[in-house]
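Working through the structure, step by step
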Amino acid sequence: MKRIFLLLFVVASVPVFAQHDPYMCIIPAPVSVKKAKGDFKLTSETIVLADSPSNRAVKFFAAYLKKAGLGNSITDLTILDKDHRDMKNAITLSVNFKGDQPEEGYELNITPDHITINGRNAGLFYGVQTLMQLIQKDGNGNATIPCGYIKDYPRFKYRGMHLDVSRHFFDVDFVKQYIDLMASYKLNNFHWHLTDDQGWRIEIKKYPKLTTVGSLRAQTKIGRAAGVDSELYDNTPYGGFYTQDQVKDIVDYATQRYVNVIPEIEMPGHSVAAMAAYPELSCDPKKTYKVRETWGVSEDDVYCPTEENFKFSTDVLNEVMDMFPGQYIHIGGDEVPKDAWKTSDFCKQLIDDRGLKDVNGLQSYFIARIEKYVNSQGRSIIGWDEILDGGLAPNATVMSWRGETGGISAAQQGHDVIMTPGSGGMYFDHTQQKSPQEPFSIGGNAPLSKTYAYDPLPAALDKEQQKHILGVQANLWTEYIATPEKAEYMLLPRMLALAEVAWTPLANKDFRNFSQDRIPHHLGRFDKEGINYRVPTAIGAMDTSVIGARFKVELSSPVEGAKVYYTLDGYTPRETDVYYTTPLDIIVPPKNTMHLKTIVINPSGKRSIVTDMKMENK
Ligand code: ACM
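Residues numbered from 1 in each chain as written. Predicted model: local features only at pLDDT ≥ 70, side-chain atom pairs only at ≥ 80, totals over all residues. Heavy atoms only, no water.

Before going further, it helps to spend a moment on the overall build of the protein. Of regular secondary structure, the protein possesses 18 helices and 24 strands. Computed over C-alpha atoms, the radius of gyration of the protein comes to 26 Å, within 12% of the 25 Å expected from 2.2 N^0.38 for 618 residues, which places it in the range of a compact globule. Viewed in the frame of its principal axes, the protein has a C-alpha envelope of about 80 × 75 × 50 Å. Across the 618 residues of the protein, 59% fall into the buried class. Sequence separation of at least 24 residues holds for 72% of the intrachain contacts in the protein that already meet a minimum separation of 6. Approximately 24500 Å² of the protein is accessible, and the part contributed by carbon and sulfur atoms is 52%. The protein carries 68 positive and 76 negative side-chain charges, and their two centres are separated by 4 Å. (Helix = DSSP H or I, 4+ residues; strand = E, 2+ residues; numbered from the N terminus. Rg over C-alpha atoms; globule rule 2.2 N^0.38 Å. Buried < 20%, exposed > 50% of the residue type's maximum accessible area, 1.4 Å probe, protein only. Contact = heavy atoms within 4.5 Å. Areas by Shrake-Rupley, 256 points an atom, 1.4 Å probe, with all protein chains shown as cover. Lys, Arg positive; Asp, Glu negative; His and termini not counted. Charge placed at Lys NZ, Arg CZ, Asp CG, Glu CD.)

What follows is the structure, given as structure tokens:
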């Protein structure tokens with residue numbers, strides 16, 4: 001699969017979107033936007049000035065212009081005299097401006113003659129991202145940018161998106177596209193879930209069997225009859241892993257986009273793939289382990305806290321730290337069944353020798369030892385909230401996924417926290433609407449509105465404790481997500497809601513404006529870029545039963561360029577049916593029932609699920 005993601009000049013042909021929206025259709029909504037009259041015309045003659053031409057943001061913008069066929073060269077502003085600095089039809093990208101700005105903040109000023117972006121480090125990059133969102137192609141092939149003044153900075157410093165590549169493997173091109181998408185919505189931490197029971201996906205030179213054995217499973221569970229835990233398998237071998245060169249290439253790609261990559265190496269649970277390669281890592285080395293073919297947690301197959309295991313884990317982490325230069329290494333720590341430890345003579349002795357309370361204490365001992373090693377290398381660990389059980393390792397950051405309780409408790413103990421609760425709409429493997437028409441998913445429902453409504457700052461924490469909430473993340477677990485198209489479907493548009501949760505001040509959040517005024521524009525862009533997404537149902541369409549004799553229904557399209565087709569005769573609507581142009585005035589005869597069924601179909605043929613409003617005139 002080779003699909004390059006860059007939002008080029010293929011956006012709406014009618015550049016009216018920004019005119020009525022107070023946020024100029026920017027996602028995430030900025031801190032402040034002042035709209036102004038007129039447009040800046042971007043052509044190949046436009047001069048791009050930069051006071052730091054080798055800056056990542058400048059290079060990124062230059063590459064963007066080149067891809068768009070404009071190819072404007074970048075002029076070093078510092079070699080120009082005063083007169084030339086004010087030339088018309090110019091874009092200035094500046095890091096050496098006077099005055100302060102919040103971390104990652106920027107100012108973007110667009111007038112008919114000039115565009116200026118002031119921002120340092122990631123700030124300049126985010127200013128460029130906002131500018132790129134504003135570029136509109138007019139009907140004559142010219143690009144225009146509506147005038148305005150934007151001041152912006154993030155609410156949270158950690159804005160994360162996770163991808164599970166163990167349950168299903170996603171290739172380098174897809175991972176890069178994922179990072180592109182994150183960067184264009186100002187998300188800055190890519191949590192890469194690289195190892196799990198169902199496959200080890202990263203080359204470790206010292207332990208080659210991790211990939212020659214641990215990356216391959218004989219078959220995959222496909223039990224997908226909704227609501228039935230069917231034991232169907234595909235009887236097809238499955239595998240894949242990233243070489244160290246590929247990993248470094250991805251980390252570099254992300255760095256160019258101000259995205260930090262956090263590798264997750266699961267321990268001591270979720271480690272069956274590693275034990276299939278090296279059974280001596282387990283408490284029962286005589287047993288045969290095979291890379292897991294089904295989902296859920298293995299009852300008793302976890303690492304044994306032996307010296308041999310610590311040597312293995314620290315060796316692996318050494319190679320991982322060489323590939324990932326960021327501060328954080330995620331060591332998992334979730335869902336560790338302790339049955340094998342309870343019956344192991346070695347573990348019983350270890351608990352006695354170390355004066356530990358029980359097997360929870362043993363988990364704590366394991367994580368604390370790993371943390372000590374990671375800290376000794378100048379790095380920090382993140383773990384899922386189970387690392388609280390039996391006592392937190394001294395410097396660990398906690399990812400709160402089982403609700404917010406773990407995160408609240410960790411923050412109260414003075415630990416940093418990243419909020420990612422499944423109950424808060426942060427699990428993107430959940431469905432986006434409760435409907436049998438949605439693709440099969442592992443369970444749970446997280447509609448766009450739920451994700452959007454999440455606030456990562458729990459009221460249970462006081463102001464000081466709230467400072468430990470570094471930010472927020474959504475997770476894409478891939479048990480039933482086997483293709484890039486389905487990954488995109490589950491990701492979008494919810495990732496845009498996550499971006500707004502992570503970036504936008506609470507006072508600027510407004511779900512109606514987000515979902516009805518801004519989302520349609522962004523989905524139209526994805527459509528033209530060949531990126532899959534869930535087509536929302538028509539705005540104003542009801543999917544329920546109502547009682548009455550007359551119904552006035554106003555609908556609109558949730559995707560720019562798409563049409564809403566409908567039927568009143570009970571048939572499933574499709575493109576051969578009438579499409580909505582004007583409000584409907586439906587009269588249901590006495591003692592009759594009618595159905596208003598709608599579907600949204602976009603220009604490339606993508607479609608929403610069908611809504612059914614059953615109207616009964618009793
Ligand atoms: C998790 O969902 N097991 C972190």
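Attention now goes to the packing of aromatic side chains. One pass over the full model with this rule turns up 29 aromatic pairs. Where F170 meets F174, the ring centres are 5.1 Å apart and the plane angle is 35 degrees; that geometry is what we call tilted. On the basis of relative accessible area, F170 is assigned to the buried category, the value being 2%. Arranged with centres 5.7 Å apart and planes meeting at 45 degrees, the rings of W384 and W477 form a pair that is tilted. (Phe/Tyr/Trp six-rings, centres within 6.5 Å; stacked < 30°, edge-to-face > 60°.)

Residues F551 and V553 line the buried face of strand β20 (residues 550-553), whereas the alternating positions R550 and K552 sit on a face that is not buried. Here β20 runs beside strand β22 (residues 584-587); their pairing, made up of four bridges, is antiparallel. Looking at β22, one finds that R550 is bridged to I587. (Pairing = 2+ DSSP bridges.)

Our focus in this paragraph is unusual backbone geometry. Here I27 and P28 are connected by a cis peptide whose omega angle stands at -5 degrees. Here P28 is to be found in the loop between α1 (17-20) and β1 (32-42). The omega torsion across L492 and P493 is 10 degrees, close enough to zero to call that bond cis. Despite not being glycine, C25 has its phi angle at roughly 70 degrees, a positive value. With respect to the helices and strands, C25 occurs in the loop between α1 and β1. For C25, a relative accessible area of 2% corresponds to the buried category. Despite not being glycine, E335 has its phi angle at roughly 45 degrees, a positive value. Structurally, E335 is set in the loop between β14 (328-332) and α10 (339-343).

Attention shifts here to the side chain of T504. Along the polypeptide, T504 turns up in the loop between α17 (494-503) and α18 (511-529). Owing to a relative accessible area of 0%, T504 belongs among the buried residues under this scheme. Looking at T504, its side chain comes within polar contact range of the main-chain oxygen of A29, at 2.8 Å. (Polar contact = N/O pair within 3.5 Å; in protein donor to acceptor, adjacent residues only side chain to side chain.)

This part takes up the nonpolar core. Core analysis: the largest hydrophobic core is formed by 169 residues, its most contacted members being M161, W192 and M495. I262, W384, W401 and Y427 belong to the second largest nonpolar core, which has eleven residues in total. (Core = buried A, V, L, I, M, F, W, Y, C linked by side-chain atoms within 4.5 Å.)

As a further point, take the state of the cysteines. Scanning the model with the defined rule gives one disulfide in all. With a sulfur-sulfur separation of 2.1 Å, C283 is cross-linked through a disulfide to C304. Disulfide C283-C304: the torsion about the S-S bond is 90 degrees, which places it as right-handed. Of the two residues, C283 sits in the loop between α8 (272-277) and α9 (307-323) while C304 sits in the loop between α8 and α9, which places them 21 residues apart along the sequence. Exposure remark for C283: the relative accessible area of 23% places this residue in the partly exposed category. (Disulfide = S-S within 2.5 Å.)

Attention now goes to the sheet that holds strand β18 (residues 469-474). Backbone hydrogen bonds hold the strands of a sheet together, and the pairing may be parallel or antiparallel. Spatially, the eight strands close up into a barrel ordered β9-β10-β13-β14-β15-β16-β17-β18, and their pairing is parallel. Between one strand and the next, the sheet's axes are offset by a mean angle of 30 degrees, whatever the strand orientation. Bridge analysis of strand β9 (residues 158-164) against β18 gives four bridges, and the strand direction is parallel. Its bridge partner lying in β18, Y158 is registered against G471. (Axes fitted to C-alpha atoms, helices over the stretch in contact; angles between N-to-C directions.)

Attention shifts here to the environment of R379. Among the structural elements, R379 can be located in the loop between α12 (359-376) and β15 (380-384). Taking the C-alpha atoms as reference, R379 lies 5.1 Å from Q327; in sequence the two are 52 residues apart. What R379 contacts, discounting residues up to four positions off in sequence, is M321, F324, P325, G326, Q327, I329 and V374.

Moving on: the pattern of salt bridges. Within this structure, the stated rule accounts for 22 salt bridges. A salt bridge links R167 to E479; its shortest N-O distance comes to 3.7 Å. One end of the pair, R167, is in the loop between β9 and α5 (172-184); the other, E479, is in the loop between β18 and α16 (484-491), and 312 residues separate them in sequence. Exposure remark for R167: the relative accessible area of 4% places this residue in the buried category. Taking the relative accessible area as the measure of exposure, E479 reaches 10% and is therefore buried. A salt bridge links D249 to K176; its shortest N-O distance comes to 2.9 Å. Here D249 is found in helix α7 (residues 244-256), whereas its partner K176 is found in helix α5, with 73 residues between them in sequence. Among the charged side chains, a salt-bridge network with shared partners connects D164, R167, D196 and E479. (Salt bridge = Lys/Arg side-chain N within 4 Å of Asp/Glu carboxyl O.)

Mean pLDDT over the protein stands at 93; residues scoring 70 or higher make up 95%. The spread of mean pLDDT over the elements of the protein runs between α1, the lowest at 63, and strand β10 (residues 189-193), the highest at 99. With pLDDT under 50 throughout, residues 1-16 is counted as low confidence; its partners more than four residues away or in other chains account for 49 contacts. (pLDDT = per-residue confidence, 0-100.)

Let us now look at helix α13 (residues 405-412). All of the buried residues along α13 are G406, G407, I408, A410 and A411. Once α13 finishes, G414 follows within two positions and takes phi at roughly 85 degrees, a positive value.

Another aspect to go through is the side chain of T397. Considering the arrangement of structural elements, one finds T397 in strand β16 (residues 397-400). Residue classification places T397 among the buried residues on the basis of a relative accessible area of 3%. Excluding anything up to four places from it in sequence, T397 contacts Y328, I381, I382, G383, I387, D416, V417, I418 and L470.

In terms of residue burial, α16 counts as a mostly covered element, since seven of its eight residues are buried. What α16 keeps buried is the set P484, K486, A487, E488, Y489, M490 and L491. In this structure, the buried side of α16 is in contact with β9, α5 and α17.

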